[in-house]
Every structure is written in C-alpha cells, then in structure tokens.
Amino acid sequence: MTNDEKLYPFDRIESKWQKFWRSKGLFKVDTADYKDKYYCLMMFPYPSAALHVGHGRNYIIGDVVARYKMMRGFNVLTPMGFDAFGLPAENAAIKGGIHPEESTLNNIKTMKRQLDQWGVEYDWDRVVISCLPDYYKWTQWIFTKLYEEGLAYKKKAFVNWCPSCKTVLANEQVVDGACERCDSGVLQKDLEQWFFKITDYAGRLLKDLDKLPNWPERVKAMQKNWIGRSEGVEIDFKIDGLPDRLKCYTTRIDTIYGATFIALAPEHPLVEKLISGSKEAAAALKLIEKMRAESKISRADAEVAKEGVFTGRFVINPVNNEKVPIWISNYILMEYGTGAIMAVPAHDQRDFEFAKEYKLPIKVVIDDPKNPIDAGTMKEAHVGEGIMTNSGQFDGMRSEDAIEKIADYFEKNKLGKRSVQYRLRDWLISRQRYWGAPIPIIYCDKCGAIAVPGKELPVLLPKDVEFRPTGESPLKFSDKFVNTKCPKCHGPARRETDTMDTFVDSSWYYLRYITPKLEDRPFDTELVNRWLPVDQYIGGVEHAILHLLYSRFITKFLFDIKMTGFDEPFKNLFTQGMIIKDGAKMSKSKGNVVSPDKLISDYGADTVRLYTLFIGPPEKDAEWSDRGAEGSYRFLGRVWRLVEKVNSSELKVDSKKTTMTKEELSLRRKTHLTIKKVTEDLDGGFHFNTAISSIMELVNETHDLLAGGSVNDSLRQKTLDEAVEAVVMLLSPFVPHIAEELWHILGKPNSIFKMRWPEYDRSAIVEDVVTMVVQVNGRLRSRIEVPADIKEDGLKENVLADPKIKEITGGKTIKNFIIVPKKLVNIVIG
C-alpha cells in the first residue's frame, strides 16, 4: 500500500508514539508507591513460536484495561514475562535443531517485538523469564519449603505416559485420553515420581471458591468438579485367608447388603498379592497389564466395554458375613476413593453391566413399592431412592434415611467410618525432559534424600547435555551434574535428575513481578501484601484446572508459611474466548494461522487492535475475517478525516445566537450518552465491542452535523469540538496510537493517557429540558436550561454555577431559595 492509498499515516505515527511512551516511562511503576494501586496482569506466554492474531486478543484486552484504569487515576502496574521452560519451548527447539535456551531466547525477542508492534505496553524493567537462574532459583526454593513441610514427596505410582513426548503428564494434562500437547494416546506406566500434596488443600481450594465472586462461574464450576468432593463411608473389609484389610469407599452405604462382588482398579497396590498363588495368575497378570495400558479417560467412559478378572480371593461383608468375590476391573480408577469399590449390580449401572457380562449375582436391596423390582428381569440398574429390602434390621426404611442409620451402625461397631473424599489427586511434578528447573534434591546413601540448602541454590541446568527425549531424563547422562557432595555429611552423593513441570514455574510468577531483582528472597512480603491479590487477571479458560488451580494452591501454601498475607492470588478473573479461522483454532498444522505482521504493515496496529476488540464479545470464540479488519481500517480513516475537518474549521461568531439548534442539542446529547455508555461498558465488564459500536454511532452523528453546514457560529464549533474530543478520548484505550496523534492535532499538551477520563453531563443527556427564570431578590438576573426532572439539590447547584448569579451572590448570605417547579427560582440574599 502506497502512502497515497493510506487513509491515515499509521506507519509514521505508531512507531512515533511507541517511542514516546517508552521514553516517558508511561507504564513504569514504583511499587513502593501503592496509593490507588491497580495490578493488571495477563497470563505470560510460552515462547515457543511467533504470536498470531489469536494470541493477540489476550494482550490487547489487558492493554485496554491498563490504559483505561490509568485515565481513571489509578497507579497501574502491568508487567510481562515468559513461561520459558517446558515441553512447548523444548519441542520447538528440537524442531529447529538448536539448543532450547537459544531457541527460547530468540522466540522471546520475536514475541517482544510483536507485542511492541501491537502497542501493548508493559513495565519491561520487571520482565520475568522462568528459564533464567535468577527466577528458577526461587522456584527451587519453593520446592524445598514444600519438602520441609511434608508437601513434596516421591513415590512409585502408575502415571500418565506420553510415548511421543517421552515424559509423564499430570492428570490435568490428559484430555480425552490424549496428551494435551501432541494428541498422542496416553499410556499408564509404573514409575517413581515426585508429587506435591495438593490434596491436603482440597477442602480449602473448594470452599474458598466462594471468596471469588468476580471469577467466571464456568471456571469455578470446572475447579469444583475437578476437586470433586463427596461424602460417604470408608469400609474395612476383611480379606478371607489374608491378614490384610481392603478399604472401600462408598457414597451409597444404603446398598451394602446388595454387594455381590468387590471391584479393584488394575493399579491397586494389593493386586499382585491377591492373585499370587492362583492357577490363573499368569493369564490374570496379562489382562491386568492390558487394562493398565488403557487410558483412564476411556476407562471412565460409561460406554466402555467392561472387562475384569477374578482374583480367587474373597472379602467378608461385615453386615451379613457373606463371602464376596474380589475382581479386578477396567472401569475402576485409583483416582477416585481408594481404588476399590463394593459393587452393587442392582443399584449401579456399571456394576450391573459387569455382573451381566460375568454372570455375577444381582441382589435388590432398594425396592420401588409402586413398581416392585425383580432382579431376574431387570434391564438396567435401579439407581434412585426407594424402600430398603433384604437389608436386615434396616428393612422398611426409606433409603435416604438408611444412609445415616447404617453409617452410624458402622462407626458404632468399628466396621468403618464416615469419610469425605475428593476426586483431586496429588500434583505430579516430575518430568523426564531436559528443559525444566532441576528438582533440588540430593540422594546420599548415608543420609537419604536431602533438599539442597538455600545457599546452594540454584541447582543450575547444565548446558552441555544431549536434550533430545529418550524416555529417561537427559540429566542422568551428565556425570558432572549427577555427582555431587551430600550437604549434610559431605560424602559422595547424587542429584535428582528429573526436572519440574512448567506449571510449578507459573504457579508463583505474579509475586515476583513486584520485586523482580530481589536477590535474597523470592519477593518482598510487605510490598507483595500491598499490591496483591492481582486486581485483574486475564487469560484463557483452558488454564482453569491447571495454572489457576495450582496458583491457588501455592498461594495458600505461602500464606501458611507466613510469606504472604493473602490466600487467593487473583481478585478478578477474565477468560477470553479464542479467535478461530475457518471454524478451527489457529494452528500451523491446519494452515489457518493469521500473522499480525502483514496486517500491521498494511493497515496499522490500531486496525488490528480495533478489529480484535470489535469482533464480538471477548469472552466468546469469534471467527477472524480479513474483510472485517479492512472495515475497522476504514472507520479509523473516517475518524482521522473528521478530526482534521473539525479542527480546521473557521466558523464565524454569531453573537446573536444564544441557544443551540435542535441538531446541536442532539449531538451534545449523543456525546454525553456515548461517554456514559463507554464508561459503563468498561466499568461493568469487558464489553469492548458494544463500547466501540457506540463510538461509531457518535462519529456518524458528528459527521452529519458537520455536513449540514447551515449555521456557522462558535456555538456549533464548541459542540463539534466537544464531540470530537470525546471520540478521541473514548477511543484512546482501544486505538492508542491514532488517539495520541489526533489529541496532538487538536492542540492538546502531553499524552492523552495523562488526561482524566471524560465524565458525562447528566443534564446533557436528558431530552426534556426547561428554561427557568432566575431572580435575585425578585429581580430577573438570568435564564438557565435544566432537565425537566432535575432534583432540588441539582437545580440549586446549576443556578449557583451560572456566571451571572455567581457574580451577584458571591460572598453573600443566601437567606432563602424559592422554587416554582419548571418555571422560576428566586434567591433571597442578605
């Protein structure tokens, strides 16, 4: 596009104003000054590739909020950093054939350039890069604190294994049975791994969702479901012929008399012991291994074909002393309860299907008096309430009442106890990949596992390691890294070779921004307590169960060890929808990525910003259209021409004209209605698209009055000037470059972002106005126009603000204020 074809000189003005903002330190904040503070934070990105327009939505939204709050008088802190460790960055490096550090730092430069081009501004003096030692030193320090408190531990467990990424995954990183990163099917593998004991915080994490009224209900519901609280009874079943006890958890203790088999998860720790000595042990183990290899998601699916194997062992039902066979089944997961259930086919559909498949007994213990249930003819389980039957002393009770009575019976006779269980499992943080913070643990044959002392942190990630994934941690093959001295006895020792999940890095970064260069602590507690919780957090809903839950956990832990004075990190949360193309999420593999670089080159950053904000409600997904972007460009060109025309007008003064025309009154009303609407849209939520739409309407009406041209006078000029200034100010958070330039063209000093946000004049937006005579001591002194429905206090304020009345009454005592509604005001002065 040539300069002659451009609707306005965006290429010149955008770089000009970006340099201006940075030279003036517009977004720099001294955190020691926390008066009127406002902490606006966007989730920091993975520096694994260049940004596309879909990514831009997050950062543009945050920039709008920051600029708006700045104009509202807040001291706005808006930092940025990079979530630089982890699989996305490492995989990008492998693909590019260069070291992850080099790849990551190159991508950070690219991303920063793109963010600068968009005109999204940050306090870059506070940048946090999680792969640098000055940051991950403190990630490791937090690990050691968790370890000291018994909240970090290592154990052997069946874990999610991605055969493509060649590493373990947390439960939260498995989506529909596949790796969230590469979509490969996830397998189960029995490995020794490090965990954080997030389950100790399950109750608080659930309960404290009530402290977050300004979080999206969808996000809170997702966390609530993931934590998965339930109330039930934990039963201690005796195993016939073995000294062991088998713990089962049930929320339906009322069905205990109908238990006809026990079902264990294939990963249950007693499995090998139970099948030991069985004639079918070898065949059973083969089927068990097959079940273990299946994805947990598919196993949990209600439609999955039920498979199982009999162990040859029995438990004793404590309520009737019946022997109940123990089976191992694919539909039981270790992630729920104890990994063992009492199976009641008559009253649970999955148990019913399993019993039918393996011809196991079905016993009805809750009946429907209106439609009596026959176990022999049942087509599906009766899962509802009813009347107890075949249940000994509890026969005839309503099943919902029997739950409490049977629970009492179990506790009284020490057969079991009431229990609250959670679906949430401990956070698996071990990764067998190179690009992550090394876990700061040393193994000594004499002293055991010891956390690296704080003075020896960080444990540096070695750079001379073959980092391509093999299924084992690359750090294992670096003797220089592995071999060390025990910090306790100073004897030979070995370092842990797993690295930490990148979600550990991102679980606390929002704290580091306050004092990012602090060397002796992760953050300054006093200043952090002044600035946090974060006032506004912005990011994708895909992080609801990962980053957001983990951040809440780490914040609560830091609160417990008195490092912070708050236990929730984010006061307000906004989750934006995705921008999609051709009906799908943007990705290189789909060939539907829209790069911002060419769009900015052709139309300017403000066009990309405006269209991104105008495309639809920001919390919803939206389809990108290049033609839509062109429409936003044309609108900005129209605004440019409007300001130039109004600013260059030389309207003659008509001294005889003292009242506004109908058209002028209409434009003034529209101006103040628009100020009111945009302010409410920004204060009341993220209604950027409707705010922009109202500004477009104001631009159209201003053009209409300018085109009329029938009356040339200063009153009309004043009306046009007011409208145009409002347009420029209201647009400024959305399209800051053109707004700054137009503000300058209008002859205004300083940055527009140093100006106070406009306030609407209530009297201007009331269509029905009356002219009131104003008398002082009975003599006519002035006339004023006021809204017909103005209240007495407002009327007095308007009258006393009139210049003529102000001059007469100034310094004098007002004895009385007589009002004849809609007609006259008489001020009596002494």
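Just above sits the structure.
On a predicted model such as this, the values are computed, not experimentally measured, just so you know.

Right, let's get into the packing of helix α20 (residues 626–648) against helix α23 (residues 714–731). Relative orientation of the contacting elements α20 and α23 amounts to 145°, with a least axis distance of 10 Å. The element α20 and its partner α23 pack so that their crossing is left-handed. For the pair α20 and α23, the contacting residues are F635, V639, L642, V643 and V646 in the first and Q717, L720, D721, V724, V727, V728 and L731 in the second.

The next point concerns the sheet that holds strand β24 (residues 492–495). Reading across from one edge, β22-β21-β24-β23 is the order of the four strands in this open sheet, with antiparallel pairing throughout. Strand pairing shows two members of the sheet lacking a second neighbour, β22 (448–451) and β23 (483–485), which therefore form its edges. Adjacent strand axes in the sheet meet at a mean angle of 40° when their direction is disregarded. Bridge analysis of strand β21 (residues 441–444) against β22 gives four bridges, and the strand direction is antiparallel. When the bridges of β22 are listed, I442 appears paired with I450. Against the sheet, helix α5 (residues 133–148) engages β21 and β22, with an angle of about 130° to β22.

Before going further, it helps to examine the environment of A437. For A437, the position within the fold is in the loop between β20 (430–431) and β21. The sequence separation of A437 and D501 amounts to 64 residues, and the corresponding C-alpha distance is 8.1 Å. Apart from the residues within four sequence positions on either side, A437 is in contact with F85, Y136, Q140, T499, M500 and D505.

Let us now look at the packing of aromatic side chains. For the coordinates displayed, the defined rule picks out 44 aromatic pairs. Three or more aromatic residues joined by ring pairs form one cluster here, namely F143, Y147, W194, F196, Y201, W427, F503, Y550 and F553. A cation over a ring is seen here: K306 above Y331, with NZ or CZ 6.0 Å from the ring centre. The ring of W743 carries the charged tip of K748 above its face, separated from the ring centre by 5.7 Å.

Once that is clear, we can look at the nonpolar core. Formed by 180 residues in total, the largest nonpolar core has its most connected members in Y39, W427, L532 and W624. Sorting elements by how many residues they give to this core places helix α2 (residues 53–71) first, with ten residues. Aside from chain neighbours lying at most four places away, what touches Y39 is L77, P79, Y510, Y513, I514, W531, L532, V534, D535 and Q536. Y257, I288, M291 and V324 belong to the second largest nonpolar core, which has 37 residues in total.

With burial as the criterion, each face of strand β12 (residues 261–264) is covered, one bearing F261 and A263 and the other bearing I262 and L264. Inspection of the sheet shows β12 paired to strand β14 (residues 323–329) by three bridges, in the parallel sense. Counterpart to A263 in the pairing with β14 is W327.

All right, on to unusual backbone geometry then. The omega angle of the peptide bond from L457 to P458 is 5°, so this bond is cis rather than trans. Locating P458 in the fold gives a position in the loop between β22 and α13 (479–482). Cis geometry is found at the peptide bond from L532 to P533, where omega equals 5°. Positive phi, normally seen in glycine, also occurs at N777, with a value near 55°. A residue is classified by how much of its surface remains accessible, and N777, at 41% relative accessible area, is partly exposed.

Bringing the layout of surface pockets into the picture now. If a probe the size of a water molecule is rolled over the atoms, the empty space left behind becomes visible. The volume enclosed by the second largest pocket comes to roughly 1,000 Å³. In terms of lining residues, the second largest pocket is bounded by 31 residues, among which M660, L665, R668, S763 and E785 are the most central. Within the residue set of the lining of the second largest pocket, elements represented by two or more residues are α21 (662–683), α23, α25 (762–765), β31 (769–776), β32 (779–787) and α26 (792–801). Of all the elements, α21 adds the most residues to the lining of the second largest pocket, at seven residues.

Conventions we followed
- Residues numbered from 1 in each chain as written.
- Predicted model: local features only at pLDDT ≥ 70, side-chain atom pairs only at ≥ 80, totals over all residues.
- Heavy atoms only, no water.
- Axes fitted to C-alpha atoms, helices over the stretch in contact; angles between N-to-C directions.
- Helix = DSSP H or I, 4+ residues; strand = E, 2+ residues; numbered from the N terminus.
- Left-handed = near helix turned anticlockwise from the far one by under 90°.
- Contact = heavy atoms within 4.5 Å.
- Pairing = 2+ DSSP bridges.
- Phe/Tyr/Trp six-rings, centres within 6.5 Å; stacked < 30°, edge-to-face > 60°.
- Lys NZ or Arg CZ within 6 Å of the ring centre and 35° of its normal.
- Core = buried A, V, L, I, M, F, W, Y, C linked by side-chain atoms within 4.5 Å.
- Buried < 20%, exposed > 50% of the residue type's maximum accessible area, 1.4 Å probe, protein only.
- 1 Å grid on protein atoms, 1.4 Å probe; cavity = no way out; pocket = protein on both sides within 12 Å on 5 of 7 lines; lining within 4 Å.
- Points joined across faces, edges and corners; volume = space filled by probe spheres on them.

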